[in-house]
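# Report on the structure
In case you want the letters, here they are:
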Amino acid sequence: ENVYIMAYVIGVDLGSTTLTCKIYNKDGNSISFASEKVPYLYLTHGAVEIDPDDLWDLFLKVVKEAIKKSCLEPNAFQCIGISCQRSTIILWDRKTGSSYCNFISWQDTRCAGVTISYNQSWTLKGINMIGFFLYTLCRHKMFLLMKVLKFKVNSGSMKLAWLLEVNPKLKEMLTEGKLSFGSIDTWFIWKLSKGKLYVTDPTNAIGTGLWNPFSNDWELRLFGLPNSVMPSVMETSQFFCKIDYDVFGSSLSLNSVVSDVAAASFAQCCFNMGEISCIMGTGCFLSINCGSYLQASMTGLYPQVAWKINNEYKYTCEAMVSGIASSIEWAKNIGLFDDVSKTSEIAFSVNDSGGVYFVPGFYGLSLPYNDPYSCGGFIGISNHTTKSHMVRAILESIAFRLYETYQLALGESTFTFKDVIKVCGGVSNNNFILQLMSSLTGCVIERSSDSEMSVLGAVYLAGLSHGVWKNKEEIKNMSQPSSVFVPDIKIQSCYSKTYITWVKAVKSWSYRNAKIFR
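The shown structure was predicted, so the numbers you read here are calculated from the model rather than taken from an experiment.

Within the chain, the secondary structure is distributed over 17 helices and 24 strands. The globule rule puts the C-alpha radius of gyration for 518 residues at 24 Å, and the 22 Å found for the chain is close to it. Counting only residues that meet the buried cut, the chain has 58% of its 518 residues in that class. For the chain, the share of sequence-separated contacts (at least 6 apart) that also reach a separation of at least 24 residues comes to 70%. Carbon and sulfur atoms form 54% of the exposed surface of the chain, whose accessible area is close to 21400 Å². Treating the 46 positive side-chain charges of the chain as one cloud and the 43 negative ones as another, the clouds have centres 6 Å apart.

Another aspect to go through is a nonpolar patch on the surface. A contiguous nonpolar surface patch, about 300 Å² in accessible area, is contributed by Met-129, Phe-132 and Phe-133. Along the chain, Phe-132 turns up in helix H3 (residues 122–138). Judged by its relative accessible area of 37%, Phe-132 is partly exposed.

Attention shifts here to the pairing of strand E1 (residues 8–14). In terms of burial, E1 is a largely internal element, seven of the seven residues being buried. Going residue by residue along E1, you find Tyr-8, Ile-10, Val-12 and Leu-14 tucked away on one face and Val-9, Gly-11 and Asp-13 tucked away on the opposite face as well. Bridge analysis of E1 against strand E6 (residues 77–84) gives seven bridges, and the strand direction is parallel. Its bridge partner lying in E6, Gly-11 is registered against Gly-81. Relative to strand E2 (residues 18–25), E1 runs antiparallel, the two sharing seven bridges. Bridge pairing in E2 places Val-12 opposite Cys-21. Following E1, the chain reverses through three residues before pairing antiparallel with E2.

A common way to express how large an interface is: the accessible area buried when the components associate. When its domains are assigned, the chain resolves into domain 1 (8–108 + 172–269 + 452–478), domain 2 (114–148) and domain 3 (321–448 + 482–517). Centre-to-centre, using C-alpha coordinates, domain 1 lies 32 Å away from domain 2. Each partner contributes to the interface: domain 1 provides four residues, whereas domain 2 provides seven residues. For the pair domain 1 and domain 2, the summed buried area comes to about 460 Å², and 90% of that belongs to carbon and sulfur atoms. When the buried surface of domain 1 facing domain 2 is broken down by residue, Phe-214, Leu-222 and Phe-223 rank first, second and third, together holding 91% of it. Where domain 1 touches domain 2, the interface holds zero salt bridges. Across the contact surface, domain 1 and domain 2 share zero residue pairs in polar contact (both at pLDDT 80 or more). Here the residues of the side of domain 1 that touches domain 2 are counted per class, giving three nonpolar, one polar and no charged.

Here the focus is the sheet that holds strand E17 (residues 284–291). On the basis of which strands lie adjacent, the open sheet formed by seven strands has the order E18-E19-E17-E16-E22-E23-E24 and mixed pairing. At either margin of the open sheet sits one strand with a lone partner, and together these are strand E18 (302–309) and strand E24 (481–485). Neighbour-to-neighbour, the strand axes of the sheet open up by a mean angle of 30°, direction not taken into account. With four bridges connecting them, strand E16 (residues 276–280) and strand E22 (residues 420–424) associate as parallel partners.

According to the stated counting rule, one finds 13 salt bridges in the structure shown. One salt bridge connects Glu-49 with Arg-110, and the closest N-O pair in it is separated by 2.7 Å. Here Arg-110 lies in the loop between strand E8 (103–104) and helix H2 (112–120) and Glu-49 lies in strand E5 (residues 49–50), a separation of 61 residues in the sequence. Between Glu-65 and Lys-69 there is a salt bridge; the shortest N-O distance is 3.2 Å. Taken together, the residues Glu-65 and Lys-69, both in helix H1 (residues 52–70) and four residues apart, mark about one turn of the helix. Classification of Glu-65 by relative accessible area gives partly exposed; the value is 26%. One connected set of salt bridges, linked through shared partners, spans Glu-49, Asp-108 and Arg-110.

How each quantity is defined
Residues numbered from 1 in each chain as written. Predicted model: local features only at pLDDT ≥ 70, side-chain atom pairs only at ≥ 80, totals over all residues. Heavy atoms only, no water. Helix = DSSP H or I, 4+ residues; strand = E, 2+ residues; numbered from the N terminus. Rg over C-alpha atoms; globule rule 2.2 N^0.38 Å. Buried < 20%, exposed > 50% of the residue type's maximum accessible area, 1.4 Å probe, protein only. Contact = heavy atoms within 4.5 Å. Areas by Shrake-Rupley, 256 points an atom, 1.4 Å probe, with all protein chains shown as cover. Lys, Arg positive; Asp, Glu negative; His and termini not counted. Charge placed at Lys NZ, Arg CZ, Asp CG, Glu CD. Patch = residues over 30% accessible without salt bridge, like charges linked within 9 Å, V, L, I, M, F, W, Y side chains within 5 Å. Salt bridge = Lys/Arg side-chain N within 4 Å of Asp/Glu carboxyl O. Pairing = 2+ DSSP bridges. Domains from an automatic or database assignment. Buried area = accessible area lost by both parts, 1.4 Å probe. Polar contact = N/O pair within 3.5 Å; in protein donor to acceptor, adjacent residues only side chain to side chain. Nonpolar A, V, L, I, M, F, W, Y, C, P; charged D, E, K, R; others polar. Axes fitted to C-alpha atoms, helices over the stretch in contact; angles between N-to-C directions.

So, in structure tokens, the structure goes:
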């Protein structure tokens, strides 16, 4: 036991906004930090890409910087864990390792047309119909998923379908084993293992939209590809490979690869059924622990893998709300405020939004609207509207989107939710949003003490595999929220009508947008 008294574990989050590395000691305290913005490329309308070589160089720079700042000896580090943004895909040459294309981000919308074609195809309608009959007969959740299956623009499967449509030769190259396909984690493991490992983990595999959680296998028949073209799926917390000394200047073992959402939920210690986490970053993800139970949904909540450890799967049901952080960033860029940290204060400076409503649809509107073409905008602006009203309307819209998503999940689940929502991510630093969320949902909101929970989750999972921590209970004992928000009945009462009017405004906005621009 004394071996790990002074153990240090490196965690990296290849996130949607920043690439971050932190080093933690055995007590779960961060001792070193380095971070850089992810370098996106916006080459054409709808395109959101990342140059893989630039991301790799940035990865090496950030990790080396964090190691240098720690002032520790190279042999002080036990292992490394990596969390990644999901559904961002790449194709590369299996022999040379050279990339066929840039990373195509989950935020890329160029596959919108392909997505609509797949969703309107007779093949998918046939799958929906078969699912309807089988679910009616035996009520199995897998058939419910078949019944309501619809592809999403942010899914990695649709990015791949778009690439295959743009260049039909890719299907032949994939089938012949000339190309490799994967999300960010698979490509980075390939690089770190010097081409020896072509693998992923279930939390990232399911993010591609090509992994069937009911059979725990790839599902490629709809795309005419054999399962052999896909990476092998390993556990979330296990030894992956030894990383050569010359990569970081320290000999490390890679002991965890996990999606950023699953990592954050793990770091928040949402280990039990009914516990809820909410990651409020570039994308906002509401994730409910379903234990060993797979939750299928009529409204678009997706079953996800929470982790696979010691050959045991745990699952979540999840809803994504896009355009959250981008709404705040856009508001800053057009001069509604100068300092993001002051937005809560600005919102509290007025009694209400002055009849102004905001639609946070910069990347479309996800469930329950499922409108990939929607855009952001204000409704109800008058000559009395001030910047403060507009800022408040933006923050209210974020809380409203999260509340309606929570209500959908609550209405479809067959088990009891805990009355606590654990939040993290940059947007969670806004007190106005969290207080409104708490009052609308009737739940206590706990804000995490660590600003980089995806990094911490990767660290915990790597440390568990390496023996730094014995079990999840030891990790749970180290977890404490930084702030707690409790429901306010007065706020809930004041917003009951406002929320209903906002929903009507969003539906009207989406309908008019469809009539004008499509």
